[in-house]
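# What the coordinates show
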Amino acid sequence: MAYLSQVQEDVLRQIAEKDVRFVRLWFSDVLGRIKSVAIDPAELEHAFLEGIGFDGSSIEGFTRVYESDMLLYPDPATFQLLPWRSDDEAVCRLFCDVHLPDDTPAPSDPRFVLEKQLERAKDLGFRFHVHPEIEFYLFRPRKDKRDPLVPVDYAGYFDHVPRGGNNNFRRRAVEHLERMGISVEFSHHEGGPGQNEIDLRETDALSAADNILTFRTVVQEIALQEGMVATFMPKPLSDAPGNGMHTHMSLFEGDTNAFHDPSGQYQLSRTARRFTAGLLRHAHEFSAITNQHVNSYKRLWGGGEAPPYICWGHNNSSALIRVPLHKPDKPRATRIEYRGIDSAANPYLAFAAFLAAGLKGIEDGYDLEDETEENVWELTSRERKALNIEPLPQNLTEACGYLRSSELMAHTLGEQVFDYVLRNKEREWREYRSQVTPLEVDSLLTLY
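The structure reproduced in this document is the subject of the present report.

Basis of the calculations
- Residues numbered from 1 in each chain as written.
- Predicted model: local features only at pLDDT ≥ 70, side-chain atom pairs only at ≥ 80, totals over all residues.
- Heavy atoms only, no water.
- Helix = DSSP H or I, 4+ residues; strand = E, 2+ residues; numbered from the N terminus.
- Rg over C-alpha atoms; globule rule 2.2 N^0.38 Å.
- Buried < 20%, exposed > 50% of the residue type's maximum accessible area, 1.4 Å probe, protein only.
- Areas by Shrake-Rupley, 256 points an atom, 1.4 Å probe, with all protein chains shown as cover.
- Lys, Arg positive; Asp, Glu negative; His and termini not counted.
- Charge placed at Lys NZ, Arg CZ, Asp CG, Glu CD.
- Core = buried A, V, L, I, M, F, W, Y, C linked by side-chain atoms within 4.5 Å.
- Contact = heavy atoms within 4.5 Å.
- Phe/Tyr/Trp six-rings, centres within 6.5 Å; stacked < 30°, edge-to-face > 60°.
- Lys NZ or Arg CZ within 6 Å of the ring centre and 35° of its normal.
- Axes fitted to C-alpha atoms, helices over the stretch in contact; angles between N-to-C directions.
- Parallel < 35°, antiparallel > 145°, perpendicular 65-115°, else oblique.
- Left-handed = near helix turned anticlockwise from the far one by under 90°.
- Nonpolar A, V, L, I, M, F, W, Y, C, P; charged D, E, K, R; others polar.
- Arc of directions from axis to C-beta.
- Polar contact = N/O pair within 3.5 Å; in protein donor to acceptor, adjacent residues only side chain to side chain.
- Salt bridge = Lys/Arg side-chain N within 4 Å of Asp/Glu carboxyl O.
- Expected span 1.5 Å × (residues − 1).

### Focus: the overall build of the protein chain
Helix and strand counts for the protein chain stand at 13 helices and 18 strands. Against the globule reference of 22 Å for 448 residues, the protein chain gives a C-alpha radius of gyration of 22 Å, in line with a compact fold. For the protein chain, the proportion of its 448 residues judged to be buried stands at 54%. Working note: accessible area of the protein chain is about 21,000 Å², and carbon and sulfur atoms make up 48% of it. With 49 positive and 70 negative side-chain charges, the protein chain shows a spacing of 4 Å between the two charge centroids.

Right under this line is the structure:
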């Protein structure tokens, strides 16, 4: 007979004390979009013990029609009230792990893909921590899809907008996030008009991925309340910077930062250097994960300080991987920053890919090449070739080609997720390639 754990009992007690009216069970599809089902609080104990059934064939990438039955098991550690709901109608959410009817984890569950890699790291003695910097745009609502995008302001990097809606927006977003137990480090206006950035504090990778999905929901909910439209689209404006999600990462052995060595170059340990080398060597292969849309490559190759070349540097913002400055007396702060990922990535799959590539570098003893001190954007093709600096894929179909040939990513994602990602991305490319754009019509219609 199954029994409730202490954490599960604590959640049930809080739900009773706070008079929660609805329990929302959240999980992610393969593309990184939140799926949700609401249950009565009285059903939560059953969900903890036996799961809640649902039709997995209706969720993209989850399963085939003839094997559609699946179960949701709420993770009690993720219990939080939704702060944007009124006090007289308390609603909570819990992230779920997805299982098959035989109670084994569903291989198509992105959360499970990350959990597998975290277990592998644990077997090697490591804990994987990340700290994401999430960018997004705020636009005014459009009456018609053909209307142009109008930003809520025309401010720039770190600008303070007097009486600006952005200031109140960020304040409300931070308040909501912190009420949900998600710690925020910074928030500010970014470089594009109507563009903002909110940085979440460092935490373990699974919590960070849950937090990113929660973050997107919070931002979109507040935007609706404020009469705005929030987007994490990688490149919504052709003449402005795209939405990145620079991700700082480090490995810990117990309470010790395995990336720190006071005698190493920039205080990076051999472990950190090999991990970094793994990311660089396999960056081509996981590009279709960290940059999963056609639009992602317009961010990477469209200017605006996105890093399309594979190299690393100390405090070099043109490099794909940067080693940030930190105070010498704070070894916990030693980390690397991957700058290529965009805000539309599925964080579970992206963090799993980062960890798999980094651990591969550690286990196989990859050597880290010399850092790049030059501004990579200003180098010529010949100069980059002489420095052995390769480009990331230039479009989604090229990224899919690298993914398809990657044994490491096939093993990391598992057969089902790997196959679905490829099929979905290749379909997206075909649909994009078949479009006739306004640019083509404007430039060619009357030319001949």
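### Quick word on unusual backbone geometry
The backbone of N315 shows a phi angle near 60°, a positive value even though the residue is not glycine. Topologically, N315 is positioned in the loop between β15 (312–314) and β16 (321–323). In this structure, N388 is a non-glycine residue whose phi angle is positive, near 60°. Position of N388 among the secondary structure elements: in the loop between α9 (381–386) and β18 (390–391).

### A closer look at the nonpolar core
Membership of the largest hydrophobic core comes to 96 residues, with the highest contact counts inside it found for F128, L251, F275 and F351. The element best represented in this core is helix α8 (residues 347–363), accounting for 12 residues. Those residues within four positions of F351 in sequence are excluded, and the remaining contacts are L114, F128, V130, A205, A208, A209, I212 and T247. In this structure, V23, A47, A90 and A106 belong to the second largest nonpolar core, which totals 22 residues.

### Remarks on the packing of aromatic side chains
For any pair of aromatic rings, geometry is given as the distance between the ring centres together with the angle between the planes. A full pass over the atoms with the stated rule returns 16 aromatic pairs. Aromatic side chains F136 and F232 sit 5.7 Å apart centroid to centroid with 50° between the ring planes, which places their arrangement in the tilted category. Of this pair, F136 sits in strand β7 (residues 127–139) while F232 sits in the loop between β11 (229–231) and β12 (247–253); the two residues are 96 residues apart in sequence, bridging distant segments of the chain. Overall, the relative accessible area of 0% leaves F136 in the buried class. Three or more aromatic residues joined by ring pairs form one cluster here, namely F136, F169, F215 and F232. Its guanidinium or amino end placed over the ring of Y366, R281 lies 3.6 Å from that ring's centre, counting from NZ or CZ.

### Quick notes on the packing of helix α3 (residues 110–123) against helix α5 (residues 205–225)
Taken N-terminus to C-terminus, the directions of α3 and α5 make an angle of 160°; their axes are 10 Å apart at the nearest point. The angle between α3 and α5 places the two elements in the roughly antiparallel class. As for how α3 packs across α5, the hand of that crossing is right-handed. Across from R111, L114, E115 and L118 in α3, the residues of α5 making contact are A205, L206, A209 and D210. Its residues placed into classes, the contact of α3 with α5 shows five nonpolar, no polar and three charged.

### Some remarks on helix α10 (residues 396–404)
Residues of α10 that are buried include every one of L396, A399, C400 and L403, and no others. Buried residues of α10, seen end-on, are gathered within an arc of 100° and therefore sit on one face of the element. On its buried face, α10 is in contact with α6 (270–290), α7 (296–300), α11 (407–413) and α12 (415–433). At the N-terminal boundary of α10, the capping side chain belongs to N395, with an oxygen 3.3 Å from the backbone nitrogen of T397.

### Some details on the pattern of salt bridges
Applying the stated criterion across every chain, the model contains 18 salt bridges. With its nearest N and O atoms 3.0 Å apart, the salt bridge here joins R146 to D144. Take D144: its relative accessible area is 29%, and that puts it in the partly exposed class. Residue E226 pairs with R172 through a salt bridge whose shortest N-O separation is 2.7 Å. Of this pair, E226 sits in the loop between α5 and β11 while R172 is found in helix α4 (residues 165–179), placing the two residues 54 residues apart along the sequence. Within the structure, one salt-bridge network assembled from shared partners comprises D75, D97, R111, E115 and D210.

### Observations concerning α5
Look at α5: 30 Å from first C-alpha to last across 21 residues, which is about the 30 Å you get at 1.5 Å a residue. α5 sits mainly inside the fold: 16 of its 21 residues count as buried. Looking one or two places after α5, you find G227, whose phi comes out positive at around 70°.

Any link to function would need more than the numbers given here.
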